[in-house]
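A look at the structure
Here is what each chain is made of, one letter per residue.
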Amino acid sequence: MTSQWLLDLIQRRWWIYSPQKATWIEHATHGFNLFEGTAWTVFAALVFARFARYRRSWIEVPYALAFFTFGLTDFRESYALDTWLLVVKLMNLVVLFALRRYVIRNFHPESRVY
């Protein structure tokens, strides 16, 4: 019984974007997620470009990849929100915070912005 509940939760689709039936808030959510996905992708490109230009630290490669994958999850979220996507986004967010912590501690130890 418990395993079926967990399986149902993991496979659950919470929201789907349907342009013909969408309310104004669903259109706004869709647009915001597209904007957010674009922003994360741009951040990824900027971090990777900095790495390609200066090659100061290899940590920038997984940092750029984490930004890029977070952007991809926002593009997916703009059309449908599933439990598995929320789990992936949460794991990606944990990775981003861990990478940020590593960068601050190792390259900017004087910084107090956590």
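What comes next is a walk through the structure. (Residues numbered from 1 in each chain as written. Predicted model: local features only at pLDDT ≥ 70, side-chain atom pairs only at ≥ 80, totals over all residues. Heavy atoms only, no water.)

Turning our attention to the pattern of salt bridges. Enumeration over the complete set of coordinates arrives at five salt bridges. Note that Glu60 and Arg50 form a salt bridge whose closest N and O atoms lie 2.4 Å from each other. With Glu60 in helix 3 (residues 60-77) and Arg50 in helix 2 (residues 24-54), this residue pair connects regions lying ten residues apart in the sequence. Here Glu60 falls in the buried class, since its relative accessible area comes to 9%. A residue is classified by how much of its surface remains accessible, and Arg50, at 40% relative accessible area, is partly exposed. With a shortest N-O distance of 2.7 Å, Lys89 and Asp74 are connected by a salt bridge. One end of the pair, Lys89, is in helix 4 (residues 83-107); the other, Asp74, is in helix 3, with 15 residues separating them in the sequence. Neither residue differs from the other here; Lys89 and Asp74 are each classed as buried. Within the structure, one salt-bridge network assembled from shared partners comprises Arg13, Arg76 and Asp82. (Salt bridge = Lys/Arg side-chain N within 4 Å of Asp/Glu carboxyl O. Helix = DSSP H or I, 4+ residues; strand = E, 2+ residues; numbered from the N terminus. Buried < 20%, exposed > 50% of the residue type's maximum accessible area, 1.4 Å probe, protein only.)

Okay, the packing of helix 3 against helix 4 next. Orientation of helix 3 relative to helix 4, taken along the N-to-C sense of each, is 155°, at an axis distance of 10 Å. Of the possible angle classes, the one that applies to helix 3 and helix 4 is roughly antiparallel. Note on packing geometry: the crossing formed by helix 3 with helix 4 is left-handed. Along the contact surface, helix 3 presents Pro62, Tyr63, Ala66, Phe67, Thr69, Phe70, Thr73, Asp74, Arg76 and Glu77, while helix 4 presents Trp84, Leu85, Val88, Lys89, Asn92, Leu93, Val95, Leu96, Leu99, Arg100 and Val103. Tallied by class, residues from the contact of helix 3 with helix 4 come to 13 nonpolar, three polar and five charged. (Axes fitted to C-alpha atoms, helices over the stretch in contact; angles between N-to-C directions. Parallel < 35°, antiparallel > 145°, perpendicular 65-115°, else oblique. Left-handed = near helix turned anticlockwise from the far one by under 90°. Contact = heavy atoms within 4.5 Å. Nonpolar A, V, L, I, M, F, W, Y, C, P; charged D, E, K, R; others polar.)

Among the nonpolar cores identified, the biggest contains eleven residues, and these are Ala44, Val47, Ile59, Tyr63, Ala64, Ala66, Phe67, Phe70, Leu96, Leu99 and Val103. Mapped by element, the contributors of at least two residues to this core are helix 2, helix 3 and helix 4. If one sorts the elements of this core by residue count, helix 3 sits on top with five residues. Filtering out sequence-adjacent residues up to four positions away, Phe70 remains in contact with Trp40, Lys89, Asn92, Leu93 and Leu96. (Core = buried A, V, L, I, M, F, W, Y, C linked by side-chain atoms within 4.5 Å.)

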